Amino acid sequence: MQKDLQQQFGNIDIYLFDQLLKGTYDNCHKVLDAGCGGGRNLIYFLRNGFDVHAVDPNPEAVETIKQLAKTLAPVIPSTNFKVCAAENLPFEDAGFDLVICNAVLHFARSAEHFDAMLRSMWRVLKPGGLFFARLASDIGLETLMLPAGHGRYWMPDGTERFLVNEKMLLDYTRLLNAKLYEPIKTTNVQNMRCMTTWCLQKE
């Protein structure tokens, strides 16, 4: 069973897996992973007939996902996978049913950079489309974060990240005229870091 699960889903983010189990993305045909890395969150989508696109600023990561797609979904053209940053997506407006952004937004250099990345991904999402993000936050660890400037903080695990809080996420939800299709959920990893899941639907 473990081998079958690994083949079907790979090393998928557990909260993205939760949405797949709930059937949330069953009607999402065209999918974008913005900041795909080696494609760990795309194995299920590649195996199950989705029109998968992905971007990453790292050329090696994009080459890895191209090879993965060639094996799992050879009908998908390699041009679906591009080297670019999340804030400069080379896609038309309102083209995707689902945008995945896993462990990307907390690498923002500043609040302005965070805003640019988020709005770029929002632009390419269709009305009614779904946005899935996992990102570092200070929720539950507010007193343990050390400011590093420009919205970035040193976390107890020794890493420096751009951090959001619940108010910021709810404010953006309103600014984007979106609605939460899942409550905001935060995982506290032994008071070393917190990762928050932010799931939006575009009106």
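It should be noted that the structure appears before, not after, this text.
Residues numbered from 1 in each chain as written. Predicted model: local features only at pLDDT ≥ 70, side-chain atom pairs only at ≥ 80, totals over all residues. Heavy atoms only, no water.

Some words on the sheet that holds strand 6 (residues 146–149)
Next up, step 1: On the basis of which strands lie adjacent, the open sheet formed by 3 strands has the order 6-7-8 and antiparallel pairing. In the strand order of this sheet, the two ends are held by strand 6 and strand 8 (160–162), each with one partner. The sheet shows a mean angle of 35° between the axes of neighbouring strands, taken without regard to direction. (Pairing = 2+ DSSP bridges. Helix = DSSP H or I, 4+ residues; strand = E, 2+ residues; numbered from the N terminus. Axes fitted to C-alpha atoms, helices over the stretch in contact; angles between N-to-C directions.)

Looking at the side chain of Ser137
Next up, step 1: Position of Ser137 relative to the elements: it lies in strand 5 (residues 125–137).
Next up, step 2: With a relative accessible area of 0%, Ser137 lands in the buried category.
Next up, step 3: Only 3.3 Å separates the side chain of Ser137 from the backbone nitrogen of Ile139, close enough to count as a polar contact.
Next up, step 4: Not counting residues up to four positions away in its chain, the partners in contact with Ser137 are Met145, Leu163, Val164, Thr186, Cys194 and Thr196. (Buried < 20%, exposed > 50% of the residue type's maximum accessible area, 1.4 Å probe, protein only. Polar contact = N/O pair within 3.5 Å; in protein donor to acceptor, adjacent residues only side chain to side chain. Contact = heavy atoms within 4.5 Å.)

Observations regarding the packing of aromatic side chains
Next up, step 1: In total, this model carries 11 aromatic pairs according to the counting rule given.
Next up, step 2: Centre to centre, the rings of Phe91 and Phe96 are 5.1 Å apart; their planes meet at 85°, and the pair counts as edge-to-face.
Next up, step 3: Residue classification places Phe91 among the buried residues on the basis of a relative accessible area of 13%.
Next up, step 4: The interplanar angle of 90° and the centroid separation of 6.1 Å between the aromatic rings of Phe131 and Trp198 together place this pair among those described as edge-to-face. Within this pair, whereas Phe131 is found in strand 5, its partner Trp198 is found in strand 10 (residues 193–202), the two being separated by 67 residues in sequence. (Phe/Tyr/Trp six-rings, centres within 6.5 Å; stacked < 30°, edge-to-face > 60°.)

Things to note about helix 4 (residues 59–72)
Next up, step 1: With 14 residues, helix 4 extends 20 Å from end C-alpha to end C-alpha; this agrees with the ideal 20 Å at 1.5 Å per step.
Next up, step 2: The residue sitting at the N-terminus of helix 4 and contributing the capping side-chain oxygen is Asn58; that oxygen lies 2.9 Å from the backbone nitrogen of Glu60. (Expected span 1.5 Å × (residues − 1).)

Structural notes on the pairing of strand 1 (residues 30–34)
Next up, step 1: Taken across its 5 residues, strand 1 has 4 buried, putting it largely inside the fold.
Next up, step 2: Relative to strand 2 (residues 51–56), strand 1 is paired through 5 bridges, and the arrangement is parallel. Residue pairing for strand 2: Asp33 is matched across the bridge by Ala54.
Next up, step 3: With 3 bridges joining them, strand 1 and strand 4 (residues 96–102) adopt parallel strand pairing. Paired with Leu32 across the bridge in strand 4 is Val99.

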